[in-house]
Amino acid sequence: AQSVTQPDIHITVSEGASLELRCNYSYGATPYLFWYVQSPGQGLQLLLKYFSGDTLVQGIKGFEAEFKRSQSSFNLRKPSVHWSDAAEYFCAVTRGNKLVFGAGTILRVKS
Amino acid sequence: NAGVTQTPKFQVLKTGQSMTLQCAQDMNHEYMSWYRQDPGMGLRLIHYSVGAGITDQGEVPNGYNVSRSTTEDFPLRLLSAAPSQTSVYFCASSRDRGQETQYFGPGTRLLVL
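The structure presented is a predicted model; accordingly, all values stated were derived computationally and were not measured.

A. The arrangement of the overall build of chain B in detail. Each helix and strand in chain B was counted, giving zero helices and 11 strands. Compactness check: chain B gives a C-alpha radius of gyration of 13 Å against a globular reference of 13 Å for 113 residues, within 12% of the reference. Along the longest, intermediate and shortest principal axes, the C-alpha atoms of chain B span 35 × 30 × 25 Å. In the structure as shown, chain B presents an accessible area of about 5100 Å², 49% of it carried by carbon and sulfur atoms. In chain B, 9 side chains carry a positive charge and 9 a negative one; their mean positions are 10 Å apart.

Right under this line is the structure:
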């Protein structure tokens, strides 16, 4: 069965430091890949997505993600974190008509 | 555009009661879906619809019913609420199928006593 794994439940980084959130998936073919962000008490907002082509994709708010087929990974990165980036981040993968989410990673930013 | 709207924002139910969570979108999206969010489990798909009159089950459909009589509306019905259905429910829509960017509503927080 297709699954999405986000190995880190919580991550704490200092403001201004770089960030990498990990995502691994299991699927027989190259899926459509997404990263969503959820601020406290809010719905989810799309950060970026990968369908095909260039494996490094740029998103909103200065985020980027790299698709690595050999590692079945789609890690999210940001070079310099801002306090407003504190939120929960979800990796998601399509399976037919369905979107399958990882369990999420909570990002804390310390000043 | 209002995007995806959900009502109510918060609801308390007693075990065995039924209720309908409302979801509407004004973007003329064909694809709509319902998720529940529980701590440490991400979002799990309950039901989805690829167009008016067409619905299908997701990962966790038991205890929930849906219908899609119009493109705009996709209500979720709890037939007989159970404490295990305490959760935050999100409705989402996209232009076409699950591969497109999904737009999420603000959520409905449900507590079943």
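Moving on from the coordinates now.
B. Representation of the pairing of strand β4 (residues 31-37) of chain B. Residue and element names in this part refer to chain B. Counting buried positions over the seven residues of β4 gives seven, a clear majority of the element. A two-sided burial pattern is seen for β4, the buried positions comprising Y31, S33, Y35 and Q37 on one face and M32, W34 and R36 on the other. Here β4 runs beside strand β5 (residues 43-51); their pairing, made up of six bridges, is antiparallel. Residue pairing in the sheet places S33 in a bridge with Y48 of β5. Connecting β4 to the next strand, β5, in antiparallel fashion are five residues, including G40 with a positive phi near 75°.

C. Fine view of the sheet that holds strand β3 (residues 19-25) of chain B. Residues and elements named next belong to chain B. With respect to topology, four strands assemble into an open sheet ordered β1-β3-β8-β7, the strand pairing being antiparallel. Every interior strand has two partners, whereas the edge strands, β1 (4-7) and β7 (64-66), have only one. Strand-to-strand, the axes of this sheet are offset by a mean angle of 20°, without reference to chain direction. Pairing geometry for β1 and β3, over four bridges, is antiparallel.

D. Representation of the interface of chain B and chain A within the structure. Taken residue by residue, the interface counts 21 residues in chain B and 21 residues in chain A. For the pairing of chain B and chain A, the buried interface totals around 1700 Å² over both sides, and the portion due to carbon and sulfur atoms is 54%. On inspection of chain B and its partner chain A, the count reaches zero salt bridges. Along the contact surface separating chain B from chain A lie three residue pairs in polar contact (both at pLDDT 80 or more). Among the elements that take part in the side of chain B that touches chain A, β5(B) stands out by supplying four residues, more than any other.

E. Broad picture of the environment of A:P31. With respect to the secondary-structure elements, A:P31 resides in the loop between β4 (24-26) and β5 (33-38). The spacing of A:P31 and A:V93 is 62 residues in sequence and 6.4 Å in space, taken between C-alpha atoms.

F. Fine view of the side chain of A:D85. Relative to the assigned elements, A:D85 resides in the loop between β9 (73-78) and β10 (87-95). A:D85 has contacts with A:F63, A:K78, A:S80, A:L107 and A:V109, leaving out every residue within four places of it along the chain.

G. Looking closely at the pattern of salt bridges. Residue and element names in this part refer to chain A. Scanning the model with the defined rule gives six salt bridges over all chains in all. The salt bridge partner of D85 is K78, with a shortest N-O separation of 2.8 Å. Of the two residues examined, D85 and K78, each falls in the buried class. Through salt bridges with shared partners, one network takes in E64, E66 and R77.

Analysis parameters
- Residues numbered from 1 in each chain as written.
- Chains lettered and ligands numbered in written order.
- Predicted model: local features only at pLDDT ≥ 70, side-chain atom pairs only at ≥ 80, totals over all residues.
- Heavy atoms only, no water.
- Helix = DSSP H or I, 4+ residues; strand = E, 2+ residues; numbered from the N terminus.
- Rg over C-alpha atoms; globule rule 2.2 N^0.38 Å.
- Areas by Shrake-Rupley, 256 points an atom, 1.4 Å probe, with all protein chains shown as cover.
- Lys, Arg positive; Asp, Glu negative; His and termini not counted.
- Charge placed at Lys NZ, Arg CZ, Asp CG, Glu CD.
- Buried < 20%, exposed > 50% of the residue type's maximum accessible area, 1.4 Å probe, protein only.
- Pairing = 2+ DSSP bridges.
- Axes fitted to C-alpha atoms, helices over the stretch in contact; angles between N-to-C directions.
- Contact = heavy atoms within 4.5 Å.
- Buried area = accessible area lost by both parts, 1.4 Å probe.
- Salt bridge = Lys/Arg side-chain N within 4 Å of Asp/Glu carboxyl O.
- Polar contact = N/O pair within 3.5 Å; in protein donor to acceptor, adjacent residues only side chain to side chain.

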